[in-house]
Amino acid sequence: MGNAVRFDYQHQQPVTIISGADAFANLRGYCEQHQGAKLNILVLTSKGHHQRGSLQPLLDQLHPHPFTVIDSIQPNPDIDALDALIAELSPQSFNVVIGFGGGSVIDAAKVVACSLAGANSRPLHQRFRANEATAVTRTCSLISVPTTAGTGAEVTPFATVWDDAEKRKYSLSGAAVAPDAALLDARLTLSLPAFETLYSGLDALSHSMESLWNTNRTPISEAYSRQAFRLIVQALPEVLANPADTHSRAMMQQASLLAGLAIATTRTAVAHSMSYPLTSHYQVPHGIACSYTLPGVLQVLKQDPDGTFAELLHDLYEPAMQLLAQLPIMAELENYVQWSQIEALLPEMDVKQRSGNFILPVNNTVIYKILEYSAVFYRNTEGASLR
Ligand SMILES: [Fe+2]
């Protein structure tokens, strides 16, 4: 079982990352270079971005190519809604898809780009609900523009699809799912409300730690994880205290990117495994659901009788516990679900595709311990409030 870092690995990072105030400057040239002079561009976003006009600087760069803006993407995109959207868009021959938004929008853009005509024409519900493994291909260019700092979706080769009807989640994954380019401008995150700043920041924090206590970690993913973690410990409290601070926003955006690059290699682990039933059953925002267990996971590793994880926890345990103690995680969680309801979800928390990546074998006893340690931790912390 692997506490040791793997030295036998292949590292692929196919996403071109363009970061800074000029991130959009060569967007049209980039698209023309990859798809020729005749572009037909699809932009997926949320209503808020469209109405607030934050999309306009990007649209200005696309001129004079035709583009279509779809702003109906909802949080945690549902499989049937995505199938309906893909069916509506399929007759048009888009050769560039841009996801402008948070993780849900970027994941939707990934799924749409990999499902448009010429790629996978079978509806998602047929493929996923039948557990059908199909090769994922893509013929159009895919560009991600994150407006939150947390999911890492801008660089990961997977997308989450939710099944509201069957209370399940699916993951579309493969090299084609990774965007071709990620454009990062921290100013896009300045208007994020406090709760979204917290939720997305916690998701990045969880990614930085989940990729460390992970059997798939490599020297490269560990370097990404540790740097992401250091940035978050400093910048997340700063950005919550001073949301207009562009420098802290940029640090969080870089941390999200780095943590995303780490999980692109390792995938997530037990904290994400334990999060999914909370989101399926109680709509707990992902960042809260995947981080409320972090104190318990740290504690389980620290309690290992042989001290096996001392090196892993070095520079991680104390700063993580201090950060988690000052964030309003429990107050936010209790807006959605009570602890007794969480414990009742225990049988659904061991999702082997994720928990199997954890550096300790996971079973119901380990999951119960993580819940118990987390409960004790939050009982003993002051629990700041966001609202
Ligand atoms: Fe996550």
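As the structure is a prediction and not an experimental result, all values here were calculated from the model.

Draft legend 1. Spotlight on the overall build of the protein chain. For the protein chain, the helix and strand inventory stands at 18 helices and eight strands. At 20 Å, the protein chain has a C-alpha radius of gyration in line with the 21 Å of a compact globule built from 387 residues. The principal-axis extent of the C-alpha atoms belonging to the protein chain is close to 65 × 45 × 45 Å. With 387 residues in all, the protein chain has 55% of them scored as buried. Long-range contacts, defined as pairs at least 24 residues apart, comprise 81% of the intrachain contacts of the protein chain with a sequence gap of at least 6. When the accessible surface of the protein chain is totalled, it reaches about 15,800 Å², and 51% of it is carbon and sulfur.

Draft legend 2. How the structure looks around the coordination of the iron ion. Listed as protein donors to the iron ion are Asp203 (OD), His207 (NE2), His272 (NE2) and His286 (NE2); their distances from the metal cover 2.1 to 2.2 Å. Seen from the iron ion, its four donor atoms lie at angles of 80 to 168°, and the figure they make is irregular. Between the donor residues of the iron ion, the gaps in sequence give the motif D-x3-H-x64-H-x13-H. One end of the pair, His272, is in helix H10 (residues 270-282); the other, His286, is in helix H11 (residues 286-289), with 14 residues separating them in the sequence. Since its relative accessible area comes to 2%, His272 is described here as buried. You can call His286 partly exposed: its relative accessible area is 22%.

Draft legend 3. Quick peek at the packing of helix H8 (residues 219-241) against helix H14 (residues 317-326). At a minimum axis distance of 11 Å, the contact between H8 and H14 shows a crossing angle of 30°. Classified by the angle their axes make, H8 and H14 are roughly parallel. Between H8 and H14 the crossing geometry is left-handed. Along the contact surface, H8 presents Phe229, Ile232, Val233 and Pro237, while H14 presents Pro319, Ala320, Leu323 and Gln326. Of the residues that constitute the contact of H8 with H14, the class distribution is seven nonpolar, one polar and no charged.

Draft legend 4. The arrangement of the nonpolar core in detail. In terms of nonpolar packing, the biggest core is built from 74 residues, with Trp213, Leu278, Tyr292, Leu298, Leu301, Leu333 and Phe358 touching the most fellow members. When we break this core down by domain, the ones giving at least three residues each are domain 1 (22-184) and domain 2 (194-379). When neighbours within four sequence positions are excluded, Trp213 is seen to be in contact with Ala269, Leu294, Val297, Leu298, Leu301, Leu312, Asn357, Phe358 and Ile359.

Draft legend 5. Region of interest: the pairing of strand E2 (residues 41-44). Burial along E2 is two-sided: Ile41 and Val43 facing one way and Leu42 and Leu44 facing the other are all buried. With four bridges joining them, E2 and strand E3 (residues 67-70) adopt parallel strand pairing. Across the sheet, the residue bridging to Ile41 is Phe67, located in E3. Here E2 runs beside strand E4 (residues 96-101); their pairing, made up of four bridges, is parallel. From the neighbouring strand, Leu44 faces E4, where its bridge partner is Gly99.

Draft legend 6. Main features of the side chain of Asn357. In this structure, Asn357 sits in the loop between helix H17 (352-355) and helix H18 (364-379). Looking at Asn357, its side chain comes within polar contact range of the side chain of Asn216, at 3.2 Å. Other than its neighbours up to four places away in sequence, Asn357 contacts Trp213, Asn214, Thr215, Asn216, Thr266, Arg267, Thr268 and Ala269.

What counts, and where the lines are drawn
- Residues numbered from 1 in each chain as written.
- Predicted model: local features only at pLDDT ≥ 70, side-chain atom pairs only at ≥ 80, totals over all residues.
- Heavy atoms only, no water.
- Helix = DSSP H or I, 4+ residues; strand = E, 2+ residues; numbered from the N terminus.
- Rg over C-alpha atoms; globule rule 2.2 N^0.38 Å.
- Buried < 20%, exposed > 50% of the residue type's maximum accessible area, 1.4 Å probe, protein only.
- Contact = heavy atoms within 4.5 Å.
- Areas by Shrake-Rupley, 256 points an atom, 1.4 Å probe, with all protein chains shown as cover.
- Donors = N, O, S within 2.8 Å, 3.2 Å for Na, K, Ca; no water.
- Tetrahedral: all angles 85-135°; square planar, octahedral: opposite > 155°, others 65-115°.
- Axes fitted to C-alpha atoms, helices over the stretch in contact; angles between N-to-C directions.
- Parallel < 35°, antiparallel > 145°, perpendicular 65-115°, else oblique.
- Left-handed = near helix turned anticlockwise from the far one by under 90°.
- Nonpolar A, V, L, I, M, F, W, Y, C, P; charged D, E, K, R; others polar.
- Core = buried A, V, L, I, M, F, W, Y, C linked by side-chain atoms within 4.5 Å.
- Domains from an automatic or database assignment.
- Pairing = 2+ DSSP bridges.
- Polar contact = N/O pair within 3.5 Å; in protein donor to acceptor, adjacent residues only side chain to side chain.

Everything listed here is a matter of geometry and, on its own, says nothing about what the molecule does.
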